[in-house]
Amino acid sequence: MEYKNPIGVNIDLETGVIPGAKKLVRRLSSLKGYFLDEEAYNELLKDDPVVYEVYAVEQDEKDGDLNFATTVLYPGKVGKEFFFTKGHFHSKADRAEIYYGIKGKGGMLLQTPEGKAEWIPMGPGTVVYVPPYWAHRTVNTGDEPFIFLAVYPADAGHDYGSIAEKGFSKIVIEENGEVKVVDNPRWRE
Ligand SMILES: O=P(O)(O)OC[C@H]1O[C@H](O)[C@H](O)[C@@H](O)[C@@H]1O
Ligand SMILES: [Fe+2]
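Keep in mind that what you see is a predicted model, and the values were worked out from it rather than measured.

A. Highlighting the site of ligand 1. Taken together, 15 residues lie around ligand 1, and Y52, T71, H88, H158 and Y160 are the ones closest in. Separating an oxygen atom of ligand 1 from a side-chain N or O atom of H158 is a distance of 2.7 Å. Between an oxygen atom of ligand 1 and a side-chain N or O atom of Y160, the distance comes to 2.5 Å. Considered on its own, ligand 1 offers 370 Å² of accessible surface; in the complex 96% of this is hidden by protein. Mapped onto the shell around ligand 1, the elements with two or more residues apiece are β2 (50-57), β3 (66-73), β6 (97-103) and β11 (146-153). Considered class by class, the residues forming the shell around ligand 1 number seven nonpolar, five polar and three charged.

Here it is as structure tokens:
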């Protein structure tokens, strides 16, 4: 039997960086079609800001193993809609996930394959259990980076397809200075 070596790393709680992790950068241009307000999207695209960064420590896609990753989701809006991560189902749809809030303010949109959505507010110390079969997207509703850790089965995979096409049935917007979770006018099943 060959054993893997254990890993111990310190997350920088101010920046979200995991030393030695694989870094992924998602700019606004990689989120084409995701936001409702196309005019606001195209205007902001001139600067193509970084919307989020992911620092991932991933294993081979084996049953029973675990990955972990931090996400640094920057503050910002496209029109009224707060910056968010793409959001995904797991390719192995029955794989669950745990999120842990580190810094900043935001929340998670979750959704069943039938389109039933839930919103869970998140801040430092919040644990969110993402049950099997639920799609999940995080949203930054604050004015500083929203940083969190996620732990997920190594064989879960990312299925972006249906969210990229249809989005979530709810959107998270700012209206009269308040955070509101409202029906997505473009949602259709
Ligand atoms: O993959 P996205 O929906 O864009 O979300 C960004 C990332 O958020 C978390 O870090 C998850 O653990 C990652 O699996 C995911 O890739
Ligand atoms: Fe996930």
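B. Representation of the coordination of the iron ion (ligand 2) in the model. Taken together, the protein donors to the iron ion (ligand 2) comprise H88 (NE2), H90 (NE2), E97 (OE) and H136 (NE2), at separations of 2.0 to 2.2 Å. Counting along the primary sequence, the residues that act as donors to the iron ion (ligand 2) give the motif H-x1-H-x6-E-x38-H. According to the relative accessible area criterion, H88 is buried, its value standing at 9%.

C. Broad picture of the UniProt feature "domain: Glucose-6-phosphate isomerase prokaryote" (unreviewed entry) in the protein. Taken from the UniProt record, the annotation "domain: Glucose-6-phosphate isomerase prokaryote" (unreviewed entry) applies to residues 25-182. The span residues 25-182 is 8% helical and 45% strand by assignment, and the distance between its end C-alpha atoms comes to 28 Å.

D. Fine view of the nonpolar core. Counting 33 residues, the largest nonpolar core has F35, V51, Y99, M108, M122 and V130 as its most contacted members. Of all the secondary structure elements, the ones that give two or more residues to this core are β2, β3, β7 (106-111), β9 (127-130), β10 (135-140) and β11. Excluding its chain neighbours within four sequence positions, the residues that come into contact with V51 are R26, R27, L28, L31, V72, L73, Y74, F83 and F84. Grouped together as the second largest cluster of nonpolar side chains are eight residues, A21, V72, I102 and L149 included.

E. Broad picture of the sheet that holds strand β8 (residues 117-122). Here three strands make up an open sheet; going across it, the order is β8-β7-β10 and the pairing antiparallel. Sheet topology places β8 and β10 at the edges, where each strand pairs with a single neighbour. Geometrically, the sheet is characterised by an average inter-axis angle of 20° between neighbouring strands, direction not taken into account. With six bridges joining them, β7 and β8 adopt antiparallel strand pairing. When the sheet's bridge partners are listed, Q111 is paired in β8 with A117.

Definitions and cut-offs
- Residues numbered from 1 in each chain as written.
- Chains lettered and ligands numbered in written order.
- Predicted model: local features only at pLDDT ≥ 70, side-chain atom pairs only at ≥ 80, totals over all residues.
- Heavy atoms only, no water.
- Near = heavy atom within 4 Å.
- Polar contact = N/O pair within 3.5 Å; in protein donor to acceptor, adjacent residues only side chain to side chain.
- Areas by Shrake-Rupley, 256 points an atom, 1.4 Å probe, with all protein chains shown as cover.
- Helix = DSSP H or I, 4+ residues; strand = E, 2+ residues; numbered from the N terminus.
- Nonpolar A, V, L, I, M, F, W, Y, C, P; charged D, E, K, R; others polar.
- Donors = N, O, S within 2.8 Å, 3.2 Å for Na, K, Ca; no water.
- Buried < 20%, exposed > 50% of the residue type's maximum accessible area, 1.4 Å probe, protein only.
- UniProt positions renumbered as here; feature names shortened; annotations may be inferred.
- Core = buried A, V, L, I, M, F, W, Y, C linked by side-chain atoms within 4.5 Å.
- Contact = heavy atoms within 4.5 Å.
- Pairing = 2+ DSSP bridges.
- Axes fitted to C-alpha atoms, helices over the stretch in contact; angles between N-to-C directions.

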